[in-house]
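Residues per chain are reported as follows:
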Amino acid sequence: MSSPDPQVRAARNLADLSPESKPSKSRSQSRGPVVAVTGAATGVGELLTARLAASEEIKQVIAIDERRGEVSEAIWHILDVRDPAIAEKLRGADVVVHLALDLDLETDPAARTAYNVRGTQTVLTAAAAVGVHRVVLCTSAMVYGALPDNDIPLAEDAELRATAEATGVGDLLEIERLGRRAPRAHPGLNVTVVRPTVLVGGTDTALTRYFESPRLLVVAGSRPTWQFCHVDDLVTALEYAALEKIDGEFAVGCDGWLEQQEVEELSGVRRMELPSAVALGAAARLHRIGLTPSPAGDLAYTMHPWVVSVSRLHDAGWRPGWTNEEVLAALLEEVEGRHTVAGRRLGRKDATAAGAAGATVALLGTAALVRRARKARRRI
């Protein structure tokens, strides 16, 4: 992964771990908004907090997380976003950017949903209660769904046709539903929804793990298309939303897309093609018996197109700093040395012993053996 842009690096270099950080006099006199960021200590939240803290267009940054981060220019509050006490911590904020989400593949699905949905509900209600006028939610372009009849690219106002079958997508759909309801329940509260495409840069998802495989699985008869979004570009898009340069619902990602053949040529990784019934059936069985963290629904996003226009950001004056080719190269560099088959991470020893195609065959064979064993038990 490339280093954050110079503005973010500068903010980090100036960071000081003193718990008594105070805004500077010049910052307190700024006419810009006060922006609160949840999930501010890690990942995208940390990068956004640093960028906003370094911006002369922002009056003050309120950072909220379960631990203190390293951006000393922000005012830190340590608590769980599901705690109703968050309302008092948001008092005085003009905008809240809610990034405290758990989309970890290894998290128990029920616990993940409970955290994501309850956290979003609490933040929206608390923000409205203390007079925040805008909440920015970050979901994913996955909510459009990956379907064979999708337009290429999809319009940003296209119908959301995803189902809850892929990792975390059910949570994201519910978060968007909460976002649509909030302005009706709380007049005066505006909600902006940001939908990044395949997110790359310190991320671990079923889609980034796809590129950790020794062979790129391609389902026969499918038409995969790839549109990436580097975290640097997501951060600048979120900054646009925080500064109210854009509102409503919009996508963020690189311009254009890559066909599967282009991905294979650029990556140098060969494909392994399987019939649809074999690939989907094996994925479902492997997940059901606990061999892989990814449900079969994740496979659809590597089969069918779900690229989307980013015209709303373009109209607002935003431009991506990365191309699809550059993000793919960064992703391949980031995952080098990792070994994943069917969504399951293998240790170096396992991967070496299994070999490239052999690892996949071994997992598919395991599913077949489990199926035979179950049939045998039923006959006893």
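Rules behind the numbers
Residues numbered from 1 in each chain as written. Predicted model: local features only at pLDDT ≥ 70, side-chain atom pairs only at ≥ 80, totals over all residues. Heavy atoms only, no water. pLDDT = per-residue confidence, 0-100. Contact = heavy atoms within 4.5 Å. Buried < 20%, exposed > 50% of the residue type's maximum accessible area, 1.4 Å probe, protein only. Helix = DSSP H or I, 4+ residues; strand = E, 2+ residues; numbered from the N terminus. Pairing = 2+ DSSP bridges. Right-handed = clockwise from strand over helix to strand, strands pointing away. Patch = residues over 30% accessible without salt bridge, like charges linked within 9 Å, V, L, I, M, F, W, Y side chains within 5 Å. Areas by Shrake-Rupley, 256 points an atom, 1.4 Å probe, with all protein chains shown as cover. Salt bridge = Lys/Arg side-chain N within 4 Å of Asp/Glu carboxyl O. Lys, Arg positive; Asp, Glu negative; His and termini not counted. Charge placed at Lys NZ, Arg CZ, Asp CG, Glu CD.

Here the protein averages 86 in pLDDT, and 81% of its residues register 70 or above. Predicted confidence for residues 1-28 stays below pLDDT 50, and this span has 52 contacts to residues more than four positions away or in other chains. Across residues 348-363, where pLDDT falls below 50, the model places 14 contacts with residues more than four positions away in sequence or in other chains.

A few words on the pairing of strand 2 (residues 60-65). The buried fraction of strand 2 is high, at six of six residues. With five bridges connecting them, strand 1 (residues 34-38) and strand 2 associate as parallel partners. Opposite Ala-36, over in strand 2, you have Ile-62 as the bridge partner. Read from strand 1 through helix 3 (residues 43-53) to strand 2, the crossover connection turns out right-handed. Bridge analysis of strand 2 against strand 3 (residues 75-78) gives four bridges, and the strand direction is parallel. Bridge pairing in strand 3 places Ile-64 opposite His-77.

Together, Glu-262, Glu-265, Glu-325 and Glu-326 give the surface a local cluster of negative charge. Contributing elements (two or more residues each) for the negative patch: helix 9 (260-267) and helix 12 (324-335). Accessibility expressed as a relative area gives 40% for Glu-325, which makes it partly exposed.

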